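Chain by chain, the residues:
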Amino acid sequence: MSVVLHEPGAVTDPAPVRSRGGILWSTIRRRPSAAIGAAVLSLIVLAAVLAPWIAPYGLHDQVGPVFGAPSWSHPLGLDDGGIDVVTLLMWGARISLVVGFAATLVSMVIGGTIGVLAGYFGGKVDGLLMRITDYFLVIPDVPLMIVVAAIWGPSLFHIVIVIGILLWTSTARVIRAQVKSVRERVYVKRARSLGAGHARIVFRHVLPQVAPLLIANTVLTIAVAIFDETALAFLGLGDPSRTSLGKMIENAFQRAAISSGAWWAIVPPGALVAIVILSCSLIGGALEDALNPRLRVAHISARTFRLRPLVGRSGASL
Amino acid sequence: MTALLQIEDLNVWFDLPDRGELHAVQGVSVGIEPGERLGLVGESGCGKTTTVLALMGLLPPSASASGRVLFEGKDVLAGGETSMRPHRWTDVAIVFQGAMNALNPVRTIGSQIVEAIELHGRAKRAAARMQTGELLESVGIPAARADRFPHELSGGMRQRAAIAMALSCRPKVLIADEPTTALDVMVQAQILELLDSLCTDFGLGLILVTHDLPVVAQLCDYGVVMYAGEIVERGLVDTLYHAPRHPYTRLLFAATPDLGHETEEIVSIPGAPPRLDQPLVGCPFRPRCDSAFSPCVTVRPVLRGLSDRHAAACHLNDLPLATPR
Amino acid sequence: MTAANAPLLEIDDLFVRYGVPRGLVGGLRRKPRLAVHAVDGITLMVQAGELVALVGESGCGKTTTAQAVLRLVDPASGSIRFRGDDITELGMRALRPVRRRMQIVYQDPYESLDPRLRVRATVEEPLLIHGIGSKKERPSLVCDALTRAGLSPPELYLERFPHQLSGGQRQRVAIAAALVLDPQLLVADEPVSMLDVSVRAGVLRLLEELKASGLGILMITHDLSTAARFADRIAVMYLGRIVEEGPAAEVVGNPQHPYTKALLSVVPRRDPRMRRTPQILRGETPDAVRIPSGCRFHPRCPIAIEACRSEDPSLRRPDGTRSPDHRAACLLA
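Asks: Please provide a residue-by-residue account of the overall build of chain C, values included.
Replies: For chain C, the count of helices and strands is 11 helices and 11 strands. For 333 residues, the compact-globule formula gives about 20 Å, and the C-alpha radius of gyration of chain C, at 21 Å, lands near that figure. Counting only C-alpha atoms, chain C reaches 70 × 60 × 45 Å along its principal axes. A buried classification covers 50% of the 333 residues belonging to chain C. Contacts spanning at least 24 positions in sequence make up 65% of the contacts within chain C whose residues lie at least 6 apart.

Pasting the structure below:
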């Protein structure tokens, strides 16, 4: 239904407006890779959240021999403590996901703030913030994590902080680039010429444009955070009182699971980490593609249009 | 004499993402003779760019087309890409809209022209380089500049380079899509002068696609006015200005300010072009027309010849004592 | 000049320069620091109820002048007086009340509106920024502004997003957002160049009406035909300077500067019978970093004499004009 007006022109039909949350949803709907990733991730998160209620066995209950082989009652066998691996996976996923999300949150806050400040103000502020970012970029992640964990003592909180302060750099750069380009848009200049203060411009005009990219970046950062946590735990720097997926791998490794032939103690946690990371990457990658305007199809291409039979004026075939 | 290039009953549809299609070009028929300068005029969305892209067989995958494109009497559209390809660039070449900004930034302009020459098998290496030098000179760029990168040249120079590239295979027809839109008025004059002399010197047929009526008035002999995907009037540019037979043509001229007519009332045409994804009833221009009467509501006007080389699609011309104003 | 007819806007000997970055290598090799002389000494006035067109090709400094007037860039020297007050040095806070009274409309209607805000929010924003009107009063102020900009009835447009509007409508929304603060000066940067021809006159006539209601308008444009029709005064810029200015009819009908004459001669006319031999200047405008010596136009001037290479002419009343306000910067005028 279109509305025709007398002056000065007709108003076209409302097209669906993509709200901020809408881009996530529409991308998931439209791209199969994102849909798969989202489905798998949701499943894993659900299982992890509900672990205390739906895990088949108790987390500390020894229900069989050390490295008990897989059987009907224990599809993934038992670990080095005789504990059911499936139960461990669920509880382990909880820890890994919590650390992953929390560390990502820390890095988002730091990286987003620095990116916005650097991109918006430019000049000396930008220079200073970027030098700081470079400094953090250059620090090798794992050695630093080892050192900090060794000095500070391993606890979940410390792990989250350590991972967070190492991950924010890429976010800062990506956000900064986007903010810089949005800042040059005409409507932002207009707001400035109106006399709008910085806060208003940033929150009202810049952030909404940057938010979708931030979401994409967040999802991808979760993948890295989970990987980092797994690595830390595997190196023995994780919180010893909590069993994360990385800890599971470390335990199995320490107790010579491989030479015992007990693949079920190592492969499942590793595979689960990989699946989670893959899911996040699929979603994040699809979001980035959806947001990147340059990846649109060209308007001009050879040999690809279709021919129709000759038609008359009315458009009906002859 | 057979027209050099003749389009007959061209229709182009674009698939829309949520089903349905956009009928972007509706039954366009136009021809061009050697050495003729034809201006394809219309506002945004009228289908002029789509028409010339169809001419070159460069429509995107979402498009479907029907009709005939006759080059020297032979239909080149019917065979799809296989029949179009031999003619592209060697017989009909195009300078795209914004071509001056679409030059490959990491290659010198000389090498880009050489590439075009070699790709079409017209010459190789040294011979191609020599031809490139001549081409550049003929568009007003000193041959020594062949080693420059696009970003080292000004906007006007880049546009000339794009024109040289289009002429690299000595086509018989040159299509220029908004060649001067982003340029200053002085540079615009230079480019128009260049196109004019190229047509005269090489006997090129020129199809100038633009929304700028005065440019057509200055450079072209023949004008074709498009609205909502169809031709509403075509004829000698002189006739279009002094004796238009379609209200849109008349109003379009009246909406363009002109030096020397400072006291005249500049007209604006209220409303907006119709949607092309729905079938049209009656005359597409009727909602905005100042001379509409009863047949315009239900009957779609047909492009009718009024005299030699002058045709218009308007019911007013069917009236026994039709007066244009 | 009494206070009664003091000009709304007075630009006096304005200079705006941008530094050209030398880069690391350039700095090490101690290359001389170059500057882009975007605006190289401009004096211009706009009265209330007057439309002044600043005309020129790209790179002549007209857009920079407009930005300097709104204090979006800082002048290197010179002064800008608005309603008699010198605003050249004012800081951001002091500028806020001034910014209420001068507004800008940009060239690109597709970019100048935030795509995520509805029309109502866009037009309301200036009121929120400047704290004008209570919650109850704002809707009617918004509707008044939309009506004044020709979008009537305003209720039809309030809830629309920019992508649902045509180019002409978007431009009117931008104008409404400028009008809602009841400004006295409007700077219009190429207000219609991105609109379809059939829509331009409507927007330009709107500017005419606003002018008649007392607004002063500084219009930046490259289109001499539009300037000739709608402006009261025209100032022609070349490479950072005004080379000719005067009443529009005078500048267009009796141009005194060779650049103006050349520009006018190459503007295409609607009437195919009016094809004259245009005076096409060779080459393109040199960049504003290396300004030619003497008269900056002399390298391209068709009538340049020896003296033009060394003497930099100032704007003065040429012999060939009858109008007291008509000035040109040419030794031979």
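Asks: Outline the domain arrangement of chain B, listing residues and values.
Replies: Residue and element names in this part refer to chain B. When cut into domains, chain B gives domain 1 (5-91 + 171-270) and domain 2 (100-167). When each unit is reduced to the centre of its C-alpha atoms, the spacing between domain 1 and domain 2 is 25 Å. Domain 1 puts 11 residues into the contact, and the matching count from domain 2 is 11 residues. When residues of the side of domain 1 that touches domain 2 are assigned to their parent elements, the largest contribution, four residues, is made by helix α6 (residues 185-202). Its residues assigned to classes, the side of domain 1 that touches domain 2 shows nine nonpolar, two polar and no charged.

Asks: Give a detailed account of the interface of chain B and chain C, specifying residues and quantitative values.
Replies: If you look at the interface, chain B gives 33 residues, while chain C gives 33 residues. Residue assignment for the side of chain B that touches chain C shows that the elements contributing at least two residues are α6, α7 (213-219), α8 (237-242) and α9 (247-254) of chain B. Classifying every residue of the side of chain B that touches chain C gives 19 nonpolar, eight polar and six charged.

Asks: Describe the pairing of strand β1 (residues 9-19) of chain C, with residues and values.
Replies: All names here are of chain C. When β1 meets strand β2 (residues 35-46), the two strands line up antiparallel, connected through nine bridges. Within the sheet, the bridge partner assigned to E10 lies in β2 and is M45. Pairing analysis gives five bridges linking β1 to strand β4 (residues 77-82), with the strands arranged antiparallel. Within β4, the position partnered with I11 by the bridge is I80.

Asks: With reference to specific residues and values, describe the nonpolar core.
Replies: Ranked by size, the top nonpolar core spans 284 residues in total, and within it A176 and L218 of chain C carry the most contacts. Among the elements that line this core, the one with the most residues is helix α9 (residues 198-234) of chain A, at 17 residues. Here this core gathers at least three residues from each of two domains, domain 1 (5-91 + 171-270) and domain 2 (100-167) of chain B. Apart from the residues lying within four places of it in its own chain, the contact partners of A176 of chain C are V123, A145, L146, R148, A149 and L151 of chain C.

Asks: So what's going on with the environment of L316 of chain B? Residues and values would help.
Replies: Mapped onto the elements of the fold, L316 of chain B is located in the segment after β12 (310-312). Sequence spacing of L316 of chain B and V76 of chain B is 240 residues, and the spatial spacing of their C-alpha atoms is 36 Å.

Asks: Which residues make up the sheet that holds strand β3 (residues 51-55) of chain C, and what are the values?
Replies: All names here are of chain C. Overall, mixed pairing links the seven strands, which are arranged β6-β7-β8-β3-β9-β10-β11 in an open sheet. Where the open sheet ends on each side, the last strands, each with one partner, are β6 (102-105) and β11 (327-328). Its contacts with the sheet place helix α8 (residues 197-212) against β3, β7 (185-189) and β8 (216-221), and it is angled at close to 150 degrees to β8.

Rules used in this analysis
Residues numbered from 1 in each chain as written. Chains lettered and ligands numbered in written order. Predicted model: local features only at pLDDT ≥ 70, side-chain atom pairs only at ≥ 80, totals over all residues. Helix = DSSP H or I, 4+ residues; strand = E, 2+ residues; numbered from the N terminus. Rg over C-alpha atoms; globule rule 2.2 N^0.38 Å. Buried ≥ 20, exposed ≤ 12 C-beta atoms within 10 Å, placed from the backbone. Contact = placed C-beta atoms within 7 Å. Domains from an automatic or database assignment. Nonpolar A, V, L, I, M, F, W, Y, C, P; charged D, E, K, R; others polar. Pairing = 2+ DSSP bridges. Core = buried A, V, L, I, M, F, W, Y, C linked by C-beta atoms within 7 Å. Axes fitted to C-alpha atoms, helices over the stretch in contact; angles between N-to-C directions.

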